[in-house]
Amino acid sequence: MGLTIAVALAVAMASDWQLADLMHTLSQNQPQQATFVEKRYLSVLNQPLESSGELTFIPPNRLEKRTLKPKPESLIVDGDVLIVEQSNRRHLRVNLRERPDISAFVESIRATLAGDQPALEKVYSIELSGTADKWRLSLVPRRQEMVRIVSRIQIAGSQGDLATIEFDFADGDRSEMVVAKARSR
Amino acid sequence: MPSGRLRALAILLIVFFACGFVILRTRFVSDLSAFMPRSPTERQRLLLEQFRDGVIARLVMIGIEGGDAAERARLSRELAARLRSDRQLFVGVQNGDAATAQRDRDYFFQNRYLLAPDISPEHFTAEGLHAALLESLDALSGDAGLLFKGIFPRDPTGETLKVLERFEGHSQPRTVEGVWASPDGELALLLVQTRAAGSDIEAQSRIVSHIRQVFVRIEDRKPDTRLLMSGTGVLSVASRSAIEGEIARLAMASLVLVSCLLLAVYRSPVLFLLGMLPVVLGALVGIAAVSLGFGRVHSLTLGFGTTLIGEAVDYSIYFFIQCLGGASSERFWPTIALGVLTSIAGYSVLLFSGFPSLAQLGLYSISGLVAAALAARYLLPELMPRRTRVRDLRRTGAVLERLFNQAAGLRWAALAIVLAAGAVILAHSGRIWNRQLNALSPVTQEDQRTDARLRSGLGVSDMRYVAAFAANDEQSALQKAEQAGNVLQDLVDRGVIGDYTSPAFVLPSLARQRSRQAALPDPATARGRLHQALEGLPIRADRLGGFLSDLQATRNGGVLTRADLDGTSAEMLVDSLLVRREHDFLVLLPLRSAAAGSAAGQIDIDQVGSALDQARLADVRVVDILEETTNLFDNYLREALILVAIGCVVIGGLLLACLRSTVRTLRVVAPLACSVACVTSALLLCGVQLTILHLIGLLLVVAIGSNYALFFDIDRGIEDRSQVQVSLVVANLTAVSSFGLLGFSRIPLLSAIGTTVGLGTFLALVFSVMLTRPSGYGGLARPSLE
């Protein structure tokens, strides 16, 4: 027991870089824009579905995902409200406080971008690996009903930038998003 | 006992029992029929049907406040469960609970091939399937795709979403702790649909107290939690009990006040009781006459009609104080007769009103006044104990005499005020009358706020536009709804209307369901076409087995009937839009506007109507409920104004014929006109817009005030007129106090009449003193009514 703690302490002191540090770095982020390419691997399909577009994050809580291909669509999260606008269709408006499942999806990205550790820990148990220049967060939902939908979310990045976001769904489907930072605003 | 008195008693008893007999068999109604014109147009009939059978009238909106969110959610679930178990009272109860939402999703998913709008043979050709699959792939890659991917293998063409989209067309309330809540989260919300019509106030009243009881009896309920309710039925119940309570309270107060006043003046309980005789008799005869004339008596008529007391009590006051005070009955009774005639002339025009309540009020007032006057004329003198003397009122008379003489000196000031009043009325011309429907509404401000709060939280629209028709049976009703739906969908696509709702969305006609079944391909064909359709698509055919078997299950399965909807929220939609009536079905297709900006919320109903006409659906009528109702009341007001104007002309002619002098007629009419002008301008200056009730109040001012003016007119030349003046002041005090009390009512209906008549009769006396009464003692020629 004592040994374990000693080892853990030694490792922590050696690396001197922890979740709190990553979160601090992220929380310093300015409004930023990035492009994304998302690939969905669904078991019912024999090749991945690809979509691409732009991501905009305005700290602390506005996230915009504008899909340009294959069909224009926008998803905007601002505070507790999520709005999906599809071309030729109605708006879909969701209050995140009422939909913990959708909220969990949103917070995995938004709270990470904002470096909001408490918000993230409320929904996920977090594991951090790697270094400040090449880190990887592994998020496992705490709530059972969420685990039934998504088993794990992995986010990788470097310093304050995100590089990939991967969702592993409970039914074996997978989604992989590659993010490339465009410019600071 | 003298034979005269015996005869009087006999007549009294006969009238009493005859009226009692009629009244006991009378149907008293308190539904909206009072507001319906006697010969309604097609659209007006539809309007009434809307209020009587339509869904709006059957909804009870419930809010639970207090406690915390968890407690409110628990109470919402408990309340919903208990109300749901009562199928006798409630068609449906919704509170947004997960179980109902799950049943809804199951219903729409399992029956998607019977319900979806696009199911046709073309949809299941290789090309049709290919196009639908391509669309689904797009949906899968989108943000909502993660929600859709679970059902995709069994529903690769996306039918469930199309059905859900139509059903959930309107915005849903937000959910807190698994049940509906207000936007601020402070209220748990439920929506209840009653089986009884909203116009059935008795039933609604039972339902309201039933819901309250059920709520109160929920175990371990936190004491700070509270139930809020609203809806057409709830508000009708609330306003009826408020009016009844208010009338009872105010009537009691004014009875006490008037009794004290009369007892103080008469100092004789016998005279006081006898004085009430014409009032009671008048009211009984009035009700009996309306019952015989109209077949039913509306409670509203009774409400208005209590005001009759204000005039009937005057007759006995005049009689006791003047005749017993020594005035000659030769001159007294003709004056009373002329006063009664004037009032009859005023009220008789109401008989021609298309507004049944006004017509009933006309008949009630005329028959009541005649009975009261006859009772005062022929029964009171006989029934009165011999040698009754009214107390000596000469000292009071002398005081009044001085006061009146001084008042006469203010004549010019009064005329200046009247001119100013005229100017005020002119300045307000065009906005004197209130054409808003809710001007007559007895609903309190607080209830209106609660209603708005619950309504916006639940997203229950006011349902302003409706396309409606009747059909003989359920199936022809649904088929016609589908035909009309084709036209309406076309209008949606063209942007004429934003959206519409149809019971056929969730329960298609059997014919439509069978044609959809027939559109589904047989197993071999389906497999072949799917194979073709999948060519070039990244979808794995082996995962779509559920789709093929679901197709066959629907193709060979049964069709949906109303019973299949039990327990879903779609059940409430169907029952509210497909209304089973005694002999037929009423179908309602609510329309929503597409317009934004200045025309927001508006629909061009003529365009919708002509589109339906062209599709040979002319009997599907489109109604703008708001405009139709506003028009209806506007027409009543317009008509009443014309009738009252005619009434004024008739009164003028009558006075001219009886007084045989233009000058005397003008002297009698002048104070009435002045007080009407002053009351009107006073109301306008207070920011009150006049309603039909104010108009009735003004008519009453003329009817009561004409007596004052006539007595002052006839009074010329009488040496001792103090008794007359005392009697007029006493009569005026009773009117002002009883109507003045009504004026303090919180209910607009009552306060409108109260303020108008209270102020008006007072001014009528003041102006009569100034303008009709001769100043000083005069040796003028003695005019009379020959």
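Definitions and cut-offs
- Residues numbered from 1 in each chain as written.
- Chains lettered and ligands numbered in written order.
- Predicted model: local features only at pLDDT ≥ 70, side-chain atom pairs only at ≥ 80, totals over all residues.
- Contact = placed C-beta atoms within 7 Å.
- Helix = DSSP H or I, 4+ residues; strand = E, 2+ residues; numbered from the N terminus.
- Domains from an automatic or database assignment.
- Nonpolar A, V, L, I, M, F, W, Y, C, P; charged D, E, K, R; others polar.
- Axes fitted to C-alpha atoms, helices over the stretch in contact; angles between N-to-C directions.
- Parallel < 35°, antiparallel > 145°, perpendicular 65-115°, else oblique.
- Expected span 1.5 Å × (residues − 1).
- Bend = angle between axes of the 7 residues up to and from the residue.
- Buried ≥ 20, exposed ≤ 12 C-beta atoms within 10 Å, placed from the backbone.
- Core = buried A, V, L, I, M, F, W, Y, C linked by C-beta atoms within 7 Å.
- Arc of directions from axis to C-beta.

Asks: Please explain the interface of chain A and chain B as it appears in this structure.
Replies: For an interface, size is often stated in terms of accessible area lost upon the parts coming together. Residue-level contacts link 19 residues of chain A with 17 residues of chain B. Listed by contribution, the elements that provide at least two residues to the side of chain A that touches chain B are β2 (49-58), β4 (73-78), β5 (81-86) and β6 (91-95) of chain A.

Asks: What exactly am I supposed to notice about the domain arrangement of chain B here?
Replies: Residue and element names in this part refer to chain B. Considered domain by domain, chain B is made up of domain 1 (1-30 + 267-388) and domain 2 (392-427 + 660-786). At the junction of the two partners, domain 1 supplies 21 residues and domain 2 supplies 26 residues. For the side of domain 1 that touches domain 2, the secondary-structure elements that each account for two or more residues are α14 (309-323) and α15 (329-348). Of the residues belonging to the side of domain 1 that touches domain 2, the class tally is 8 nonpolar, 10 polar and 3 charged.

Asks: I keep staring at the packing of helix α17 (residues 394-409) of chain B against helix α30 (residues 748-772) of chain B and nothing clicks. Help me out?
Replies: Helix-helix packing is described using two parameters, namely the angle between the two axes and the distance between the axes. Residues and elements named next belong to chain B. Interaxial distance between α17 and α30 falls to 8 Å at its minimum, and their mutual angle equals 75 degrees. Here α30 runs roughly perpendicular to α17, going by the angle between their axes. Here α17 contributes F404, A407 and A408 to the contact with α30, which in turn contributes V766, V769 and M770. Residue composition of the contact of α17 with α30, grouped by class: 6 nonpolar, no polar and no charged.

Asks: It is not clear to me how helix α28 (residues 692-714) of chain B should be interpreted in this structure. Could you clarify?
Replies: One turn of an α-helix holds 3.6 residues; hence residues three or four places apart share an orientation. Residue and element names in this part refer to chain B. For α28, which comprises 23 residues, the first-to-last C-alpha distance of 33 Å matches the rise-based estimate of 33 Å (1.5 Å per residue) to within 8%. Maximal helix bending in α28 amounts to about 30 degrees, located at G705. Burial analysis of α28 places 22 of its 23 residues in the buried class, which makes it a mostly covered element.

Asks: What is the right way to read the nonpolar core from this model?
Replies: All names here are of chain B. If you look at the biggest cluster of nonpolar residues, it comprises 113 residues, and the most contacted ones within it are A372 and V701. With 16 residues, α28 is the largest single contributor of residues to this core. For this core, the two domains that each supply at least three residues are domain 1 (1-30 + 267-388) and domain 2 (392-427 + 660-786). Setting aside residues up to four positions removed in sequence, A372 forms contacts with P278, V279, L281, G282, A312 and Y315.

Asks: Before we go on, may I ask you to explain the environment of V237 of chain B in this structure?
Replies: Residues and elements named next belong to chain B. By the secondary structure assignment, V237 is in helix α11 (residues 232-266). Classification of V237 by C-beta neighbours within 10 Å gives buried; the count is 22. Expressed as a C-alpha distance, the spacing of V237 and S205, which sit 32 residues apart in the sequence, is 5.6 Å. What V237 contacts, discounting residues up to four positions off in sequence, is I201, Q204, S205 and V208.

Asks: Please explain helix α19 (residues 445-458) of chain B as it appears in this structure.
Replies: Residue and element names in this part refer to chain B. The end-to-end C-alpha separation of α19 is 20 Å, in line with the 20 Å expected for 14 residues at 1.5 Å each. Three or more residues of α19 are buried, namely T450, D451, R453, L454, G457 and L458. Summarising the axial view, the buried residues of α19 lie within an arc of 165 degrees, below the 170-degree limit, and thus occupy one face. Residues of α19 that are exposed and angled more than 90 degrees away from the buried face: Q445, R449 and A452. Buried residues in α19 make contact with β2 (59-65), β6 (188-194), β7 (226-230) and α11.

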